[in-house]
Amino acid sequence: MTDLDGPGSHRAKGPGDDPEAVAAQITEAVENLTALWSVAAQDASLRLSAHQLRALHTLQAAPGLNLTALADRLDIGLPTASRLCDRLAAAGLLERAPHPGTRRAVQLRLTAHGRHVLRDVAARRAQALTAALETMEPPERAALSRGLRSFLAARRTAAPRADGTGGPEGTHGARGTHGHGHG
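Here the structure is a predicted model, which means the values were calculated and not measured.

A. Broad picture of the nonpolar core. Within the largest apolar cluster, 21 residues are counted, with the highest numbers of intra-cluster contacts made by Leu56, Leu59, Leu70 and Leu88. For this core, the secondary-structure elements that each account for two or more residues are helix H2 (50-61), helix H3 (67-74), helix H4 (78-90), strand S2 (106-110) and helix H5 (112-134). The greatest single-element share of this core, amounting to 4 residues, is contributed by H2.

B. View of unusual backbone geometry. One non-glycine residue, Asp75, adopts positive backbone phi at about 60 degrees. Relative to the helices and strands, Asp75 resides in the loop between H3 and H4. Look at Asp75 and you get exposed, because its relative accessible area is 57%.

C. A look at H2. Its 12 residues give H2 an end-to-end C-alpha distance of 16 Å, which sits within 8% of 16 Å, the value for a rise of 1.5 Å per residue. Residues of H2 that are buried include every one of Gln52, Leu53, Arg54, Ala55, Leu56, Thr58 and Leu59, and no others. Looking at the buried residues of H2, the elements they touch are helix H1 (19-42), H3, H4, strand S1 (94-98), S2 and H5.

D. Up close: the packing of H1 against H5. Contact pair H1 / H5: the axes reach a minimum separation of 8 Å and the direction vectors enclose 135 degrees. It follows that H1 is oblique to H5 by the angle criterion. Once H1 is placed against H5, the crossing between them reads as right-handed. Across the interface between the two elements, Leu33, Leu36, Trp37, Ala40 and Ala41 of H1 pack against Val121, Arg124, Arg125, Ala128, Leu129 and Ala132 of H5. The residue makeup of the contact of H1 with H5, split by class, is 9 nonpolar, no polar and 2 charged.

E. How the structure looks around a nonpolar patch on the surface. Residues Ile26, Val30, Phe151 and Leu152 make up a contiguous nonpolar surface patch of roughly 330 Å² in combined accessible area. Put simply, the parts of the chain that give the nonpolar patch at least two residues each are H1 and helix H6 (138-158). If you trace the backbone, Val30 turns up in helix H1.

F. Spatial organisation of the confidence of the model for the protein chain. Scored by pLDDT, the protein chain comes out at a mean of 81, with 78% of its residues at no less than 70. Long-range and interchain partners of residues 1-12, a stretch whose pLDDT sits below 50, account for 17 contacts in this model, where long-range means more than four residues apart. In this model, residues 167-183 is a region of pLDDT below 50 whose contacts with residues beyond four sequence positions or in other chains number 39 contacts.

G. Looking closely at the packing of H2 against H5. With their axes 11 Å apart at the nearest point, H2 and H5 run at an angle of 110 degrees to one another. It follows that H2 is roughly perpendicular to H5 by the angle criterion. Across from Leu53, Leu56, His57 and Gln60 in H2, the residues of H5 making contact are Leu118, Val121 and Arg125.

Conventions and cut-offs
Residues numbered from 1 in each chain as written. Predicted model: local features only at pLDDT ≥ 70, side-chain atom pairs only at ≥ 80, totals over all residues. Heavy atoms only, no water. Core = buried A, V, L, I, M, F, W, Y, C linked by side-chain atoms within 4.5 Å. Buried < 20%, exposed > 50% of the residue type's maximum accessible area, 1.4 Å probe, protein only. Helix = DSSP H or I, 4+ residues; strand = E, 2+ residues; numbered from the N terminus. Expected span 1.5 Å × (residues − 1). Contact = heavy atoms within 4.5 Å. Axes fitted to C-alpha atoms, helices over the stretch in contact; angles between N-to-C directions. Parallel < 35°, antiparallel > 145°, perpendicular 65-115°, else oblique. Left-handed = near helix turned anticlockwise from the far one by under 90°. Nonpolar A, V, L, I, M, F, W, Y, C, P; charged D, E, K, R; others polar. Patch = residues over 30% accessible without salt bridge, like charges linked within 9 Å, V, L, I, M, F, W, Y side chains within 5 Å. Areas by Shrake-Rupley, 256 points an atom, 1.4 Å probe, with all protein chains shown as cover. Salt bridge = Lys/Arg side-chain N within 4 Å of Asp/Glu carboxyl O. pLDDT = per-residue confidence, 0-100.

Okay, structure coming up:
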């Protein structure tokens, strides 16, 4: 088992504790978590693609974005973002409203139905994750929690920048070098 007890642990490191071995374990865990996330989202009241969910999460976090800003945050082209918003608007999940300060600009906002769908997806994901965590022993959950906190702290302080060097300057929290994380 990987030692997730933190920097104060005095246990001997095993052959599976080197960064490459742990990275492989994390990769497998992320793939499983992604599958769990996807299945939970597909069980929601309205089935949405990963791109549609990311767009809704982005607009929830930054209501009033225009189409260009949304495309930039999602790291997709403007025509793709426009079609994505057309589908979300047709489903009643987002609305376009004139910008109060600029007549030509349009703001994108979630509708009440869009907010409801995001709450439903979040609740289903939390339920699925809770069910998986309930199968773990309490010390294992505590070790996982400590390990994740340590990983996130290390990621925030020493994440690689786009140019390949270390340091937080090239990151936006735990989302990566351009803030285009999955939501």
